[in-house]
Amino acid sequence: MFWSDTMRIAGPPAQEPVATTSNDEEDDRADALELAARSLDSTSGVGYWTDYLKTFLHPRSLYQLPGVWQGQGRFGAFGEGKGLLGVSETRDDVMDRIRYWAEECDTFQGFQCLVDDHSGFGQFAADVVSELREDYPTAPALMFPVCAAHAAPSHAGTEAKRLWKLNEALSLGVMSPLATLYAPISPPSGAWGLPHLLWHQDRAFHTSALCGAALDSITLPYRLHSPCPTSPLGMATGAASMHDLACLLNGAAHCSLAAVSAALPCPGLPDERHLAEARDLRTRRRADSPSLRSSSLWTRSSTACWSPGMQAPPGHALAESVVLRGARRGGAPLQSHQASDLLDQSLMLEGWRCVQARCVVPQAMPVPLPFPGIFQSTVLRYGDLVEPEQHSHRQNGALVNGAVHSNGTSHAPAEVDCTPVLTRLAASPACRQPAQQHLRSFEGLARQMLHRWSYDRDEQADITEQLHQLATGQQQEDDWSD
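Residues numbered from 1 in each chain as written. Predicted model: local features only at pLDDT ≥ 70, side-chain atom pairs only at ≥ 80, totals over all residues. Heavy atoms only, no water.

A few words now on the nonpolar core. Nonpolar side chains in soluble globular proteins generally cluster together in the buried interior. Leu65, Met143, Leu170, Leu257, Phe442 and Trp453 are the most contacted members of the largest nonpolar core, which totals 50 residues. Among the elements that take part in this core, helix 3 (residues 121–135) stands out by supplying seven residues, more than any other. Counting 37 residues, the second-largest nonpolar core is a separate cluster that includes Leu142, Trp199, Leu248 and Val367. (Core = buried A, V, L, I, M, F, W, Y, C linked by side-chain atoms within 4.5 Å. Buried < 20%, exposed > 50% of the residue type's maximum accessible area, 1.4 Å probe, protein only. Helix = DSSP H or I, 4+ residues; strand = E, 2+ residues; numbered from the N terminus.)

Further remarks concern the pairing of strand 3 (residues 111–115). Here strand 3 shows a clear split, with Phe111, Cys113 and Val115 buried on one side and none of Gln112 and Leu114 buried on the other. As paired strands, strand 3 and strand 4 (residues 141–145) are joined by five bridges and run parallel to one another. Each residue of the ladder has a partner; that of Phe111, found in strand 4, is Ala141. Crossover connection from strand 3 via helix 3 to parallel strand 4: handedness right-handed. (Pairing = 2+ DSSP bridges. Right-handed = clockwise from strand over helix to strand, strands pointing away.)

Here we come to the pattern of salt bridges. Counting across every chain of the model gives 11 salt bridges. Between Glu459 and Lys82 there is a salt bridge, with the nearest N and O atoms lying 3.2 Å from each other. With Glu459 in helix 15 (residues 457–472) and Lys82 in the loop between strand 2 (63–64) and helix 2 (88–104), this residue pair connects regions lying 377 residues apart in the sequence. The exposure class assigned to Glu459 is partly exposed, which follows from its relative accessible area of 27%. In this structure, Glu350 and Arg424 form a salt bridge, with 2.8 Å as the shortest nitrogen-oxygen distance. Residue Glu350 is found in the loop between helix 11 (336–348) and strand 11 (355–361), and its partner Arg424 is found in strand 16 (residues 421–427); the two are separated by 74 residues along the sequence. As far as burial versus exposure is concerned, Glu350 and Arg424 are alike and both buried. One salt-bridge network, held together by shared partners, links Arg300, Glu320, Glu350 and Arg424. (Salt bridge = Lys/Arg side-chain N within 4 Å of Asp/Glu carboxyl O.)

Read across the sheet, five strands follow the order 7-6-16-8-11 without closing on themselves; strand pairing throughout is mixed. The open sheet is flanked by strand 7 (304–305) and strand 11, the only strands paired with a single partner. Across seven bridges, strand 8 (residues 319–325) lies against strand 11 in parallel orientation. In the strand pairing of strand 11, Leu324 is matched with Val360. This element, helix 5 (residues 204–218), spans strand 6 (259–263), strand 8 and strand 16 of the sheet and lies at about 75 degrees to strand 16. Lying on the sheet, helix 11 is in contact with strand 8, strand 11 and strand 16; it crosses strand 11 at an angle near 150 degrees. (Contact = heavy atoms within 4.5 Å. Axes fitted to C-alpha atoms, helices over the stretch in contact; angles between N-to-C directions.)

The next thing to look at is the sheet that holds strand 4. Taken together, the three strands give an open sheet; going across it, the order is 3-4-5, and neighbouring strands pair in parallel fashion. Each edge of the open sheet is held by one strand with a lone partner, namely strand 3 and strand 5 (181–182). As paired elements, strand 4 and strand 5 share two bridges and run parallel to each other. From the neighbouring strand, Leu142 faces strand 5, where its bridge partner is Leu181.

Next up on the list: the packing of aromatic side chains. A complete count under the given rule lists six aromatic pairs for this structure. Ring geometry for Phe75 against Phe121: centres 5.1 Å apart, planes inclined by 90 degrees, an arrangement best described as edge-to-face. You can see Phe75 sitting in the loop between strand 2 and helix 2 and its partner Phe121 sitting in helix 3, a full 46 residues away along the chain. Residues Phe75 and Phe121 agree in their burial class; the two are buried. Where Phe371 meets Phe375, the ring centres are 6.0 Å apart and the plane angle is 25 degrees; that geometry is what we call stacked. Taking relative accessible area as the criterion, Phe371 reaches 12% and is therefore assigned buried. Chaining the aromatic ring pairs together yields one cluster made of Phe108, Phe111 and Tyr136. Sitting over the face of the ring of Tyr100, Arg60 holds its NZ or CZ atom 4.2 Å from the ring centroid. Lying over the aromatic face of Tyr455, Lys82 brings its terminal NZ or CZ to 5.3 Å of the ring centre. (Phe/Tyr/Trp six-rings, centres within 6.5 Å; stacked < 30°, edge-to-face > 60°. Lys NZ or Arg CZ within 6 Å of the ring centre and 35° of its normal.)

A few words now on the confidence of the model for the chain. Per-residue confidence for the chain averages 79 on the pLDDT scale, and 78% of its residues sit at or above 70. Segment residues 1–20: pLDDT under 50, and 46 contacts once partners within four positions in sequence are set aside and those in other chains are kept. In this model, residues 289–296 is a region of pLDDT below 50 whose contacts with residues beyond four sequence positions or in other chains number 17 contacts. (pLDDT = per-residue confidence, 0-100.)

On to helix 2, then. Given 3.6 residues per turn, any residue in an α-helix points the same way as the ones three and four places further on. With 17 residues, helix 2 should reach 24 Å at 1.5 Å per residue; the first-to-last C-alpha distance of 24 Å fits that figure. Listing the buried residues of helix 2 in full gives Thr90, Val94, Met95, Ile98 and Ala102. Buried residues in helix 2, looked at end-on, bunch into an arc of 110 degrees, giving them a common side. Structural note: helix 2 exposes Glu89 and Glu103 on the side pointing more than 90 degrees away from its buried face. (Expected span 1.5 Å × (residues − 1). Arc of directions from axis to C-beta.)

Have a look at this one:
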């Protein structure tokens, strides 16, 4: 990790050892932890990102950028990180830290990079990944630029909006050629994207939690052990390496760009009867039936695009990785083999074919204590979604797992312990749309600013050429795929 604040090791407060602990003391401690977690959701309760940490960081995981200070100077644009890795001492220190952890790996797969590409960390990360590609030429580098919003805020001025577009163009033109897989992640704005969540786009606590939830599901295939351990709900399926995942998506589209779609929470899966009816309707070419839209196409209708500008129409994906975790139906968890069968049948009913890899994990995504309280009352404790007709009954009582309680208590967001998640990581021609947009506007965006950031004419021409290759589908394949 690289950051610009004064270095300090953050962790939980020291606890004095006690011989015995009463139930009251345990309850008091739990209440104190819950109160501390709730304070993170306030606008004044957080000063630095280390305020969210519950564990200690290893000193070799940190590096303090020389000459860069929190709140001092300009570091809010992609190009302002240019040259930070050019100093030999800085470059050696950063690369030594990465090599240390790479050598500690029992089975080294590659590099997963989370990048703030709307600040100077974008260019700094690009320089680091460039060094990594020289030291580890065959190791895949999966890059996930994370951002709080799909576009510049509506109240932003003209200059701020131009800077936003310039950051997007530089990120795409500089970082994507270095990555074997480049998938930007930003929570969709508006109620249509996350209809069961109530979150604030201007709060980093909310947006980072959503991005983390999506990443937790997307990266599951190469984080699973093979063979996967068994559980009462069955065994997880679909484990794959970073290299396999990158080959699936990059090889199909001959491009490193991929789009993220997610359903959080994922709705309950349809039963076999509805799927059988949907198959019959499709056979009779009645795909416009409401029954078909509401049951079999949940895999498509429940997901929203989390990659700005990369929304692909149905049937345009060339390859995709589908991850389903914690599938439920009727208020109960599904066995792994049941969820796998229902997911396969539903994907077939979408009516189009592409190379697909699917990963199914029976355990739902846990919602930890510091997770922001963004779940609406339509989400129950284990991620089940309340039907519209059932939700009306909650005016007189709380609905828990299908039962209405008469005590008049309401379902609080903090009671959500876990939630099912569906994610889709797809390579399609639609992923090139941002490159086409940025190519048209890049040459007219602040040449003076690029010179101020020390981008010479050759570098600007290289960025323009990369955007052109991405927009036209002429991107060169990397050596790692060999």
